[in-house]
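Now for the letters of each chain:
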Amino acid sequence: MSAVADTLLVAISTDFLTQWSFWIVVGIFAGIYGVLALGLQLNVGYTGVLNFGQAGFMAIGAYSAVILVVDVGLSYAAALPLSMLITVGAGLLVGLPALRLRSDYLAIATIAFSEVVRITAKNARELTGGNQGTLDIELENNRFFVDPWTDASTWIGDNLLDPIGLSGQDFINMPLLLVIWLTLGALAIGLTLLVRSPWGRVLRAIREDEDAARALGKNAFSYKMQSLGISAGIAAIAGWFLVFQAESVNQQSFEPLVTFLAYAVLVLGGLASFGGVLAGTIIFWFLLEGLREIDLGLDGNQIASLRFIVAGLVLILLMAFRPQGVFGKKEEMVLGE
Amino acid sequence: MNERADSGNVNGKEPILAVAGVHKRFGGIHAVRGAHFSVAEGSITALIGPNGAGKTTLFNVITGFYPPDAGMISYQGRSIYGKAPHRIAQRGMIRTFQITKALRAMPVIDNMLLAGSRQPGEHLHSLLTQPRASRRREAEVRERALELLASFDLDKKLDDYAGTLSGGQRKLLELARALMAEPRMVLLDEPMAGINPTLGRRLLEHMQKLREEDGVTFLFVEHDMDVVMNQSDEVIVMANGETLIQDKPEVVRADPRVIDAYLGGGGVAEKAEASPPAESEEHA
């Protein structure tokens, strides 16, 4: 009997919960996916636009920022806004034909777009470094995309985080965590104000019934374009953070799975709530990263699979017992039919 | 079949809406095959006809929801043929739908505020550059919304989701919302269907009052013949995708072709009404 209890205790050892490094990693991934999912929330939760191309927009943001800094030689101050504009432009370009499609076809068209972006990045080796990422290009020009960020990060670590006494990887990651969550918070507040405005009311009307909105003089297509454009711009920010975190950019980071995980965050938190995205992303990444720490005597591949099995189970249970998500409004879900 | 196209000139006014030779096909189905009528400014005009006559399709064509295949549609003296629905709505022609389109997962008050016109806060640029103008307009629009809701007995439902209202209440909400948009012309698709007689009367009173006080023009599809005959200045009859006749209610009531269209069959008309004049054959 006690032997069983012993093994169970070993299996659910909770040491990792008291370690900085665990929470910092959870926080960084939760933050990056939170930023991605904020854009999806605007599209799916408020406009009724099923955008499945978010990983593609993230890729365009990441690659264009890196190329503008490394190959063109721009500073962050110029490259980051410019890469965001490029991504918004890509969003509008995709929207032009795709937003004329009905919701499910729109989902297919956007996922196809996202794969076109990724596979192009994979094969345009001169520009993107293909499968090896941008590392080689950086060496050629002796310019590293992440250099200015590393300087800033060190400064934050030395001047603001010294009292905490972090070291090693934590010292590098903590400033990134801070910047990501400050950005995430600011975006969530800004978007919340935006959807509460008359502009946001038109978005919700389009989500409910596009024809009703058009019959009241609202240009539904234009609003859907604006929604998609803003969402793409936000995905670009997530792309930069991903590069800061990985210190390189690789097409494998932009597989459709990334969009699906962002959707899991969205559904977990609940539709039509930006606060829900923040809660959803923390819960989801705590679960995914926490499962990695549980020692069941499994090998690496098995653990990797187990993480997603459990995450999937949680989503199924959520759909069964709380389909509106943690923060979603049940009325809006039921009545929206 | 296209006679009396000019009969919309009640009181010698220019027609606010003129429709001529409008056709709409869906593949092999010729849903509207020659619609021809005009609506006088400030009038109340009924559009009647048996089921499948093409009334709703014609509404959809006029308001831009279906692109027309041929014809001419002019509103306030300018063509709206093939224009986008929101452009037509922005020019003051607001419609309702046969199956009500209340925005169900939005509160009643938001349904109303949405329809308020000239709200700078609906455009990202002006929302960010002149937030005060947006708030000021919001207050004005809200005041008007509360007035309208009160007159439709919906003021106690202000913060309820529109989806929780009864079918009749949703119908009233849709009409109130249409009036929020400060329309010059309102197209109602079966406004009386599914609402109780008391509220129905109130809806009709509203219609008459708006026409008298503000000169709003109404065109409505309706199957209740009492309402059609008592409320409208003119009646347009459609059958088989064509407009048969446009005239005053008492004239239409006596026209054998109308009875024919409703009852079907060529011979019925002669038996049903006295003095059949030049009988039309094209729809038999």
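The structure presented is a predicted model; accordingly, all values stated were derived computationally and were not measured.

What about the packing of helix α3 (residues 54-70) of chain A against helix α13 (residues 256-269) of chain A?
When two helices pack together, their arrangement is given by the angle between their axes and by how far apart the axes lie.
All names here are of chain A.
Right, so step 1: Running from N to C, α3 and α13 point in directions that differ by 115°, and their axes come no closer than 7 Å. Between α3 and α13 the crossing geometry is right-handed. Listed contacts from α13 to Gln-54, Ala-55 and Met-58 of α3 are Pro-256, Val-258, Thr-259 and Ala-262.
Right, so step 2: Counted by class, the contact of α3 with α13 contains 5 nonpolar, 2 polar and no charged residues.

So, the environment of Gly269(A)
All names here are of chain A.
Right, so step 1: With respect to the helices and strands, Gly-269 occurs in helix α13.
Right, so step 2: Take Gly-269: there are 27 C-beta atoms within 10 Å of it, and that puts it in the buried class.
Right, so step 3: Sequence separation of Gly-269 and Ile-28 is 241 residues, and the distance between their C-alpha atoms is 18 Å.
Right, so step 4: Setting aside residues no more than four positions away along its own chain, Gly-269 makes contact with Gly-276, Val-277, Ala-279, Gly-280, Gly-325, Val-326 and Phe-327.

With respect to the sheet that holds strand β5 (residues 78-79) of chain B
Residue and element names in this part refer to chain B.
Right, so step 1: In space, the 4 strands of this open sheet follow the order β2-β1-β4-β5, with antiparallel pairing throughout. The open sheet has two free edges, formed respectively by β2 (29-40) and β5, since each of these has just one partner strand.
Right, so step 2: The sheet contact formed by strand β4 (residues 70-75) and β5 spans 2 bridges and is antiparallel. Within the sheet, the bridge partner assigned to Tyr-75 lies in β5 and is Arg-78.
Right, so step 3: Strands in contact with helix α1 (residues 55-62) are β1 (15-26), β2 and β4; relative to β2, the strand with the most contacts, it is inclined by about 70°.

Side note on the confidence of the model for chain B
Residue and element names in this part refer to chain B.
Right, so step 1: For chain B, per-residue confidence averages 87 on the pLDDT scale, and 88% of positions sit at 70 or higher.
Right, so step 2: The low-confidence segment residues 1-10 (pLDDT under 50) makes 29 contacts with residues lying over four places distant or belonging to another chain.
Right, so step 3: Predicted confidence for residues 266-284 stays below pLDDT 50, and this span has 25 contacts to residues more than four positions away or in other chains.
Right, so step 4: Interface confidence for the predicted complex, given as ipTM, is 0.87, next to a pTM of 0.90.

Reading guide: rules and limits
- Residues numbered from 1 in each chain as written.
- Chains lettered and ligands numbered in written order.
- Predicted model: local features only at pLDDT ≥ 70, side-chain atom pairs only at ≥ 80, totals over all residues.
- Axes fitted to C-alpha atoms, helices over the stretch in contact; angles between N-to-C directions.
- Helix = DSSP H or I, 4+ residues; strand = E, 2+ residues; numbered from the N terminus.
- Left-handed = near helix turned anticlockwise from the far one by under 90°.
- Contact = placed C-beta atoms within 7 Å.
- Nonpolar A, V, L, I, M, F, W, Y, C, P; charged D, E, K, R; others polar.
- Buried ≥ 20, exposed ≤ 12 C-beta atoms within 10 Å, placed from the backbone.
- Pairing = 2+ DSSP bridges.
- pLDDT = per-residue confidence, 0-100.

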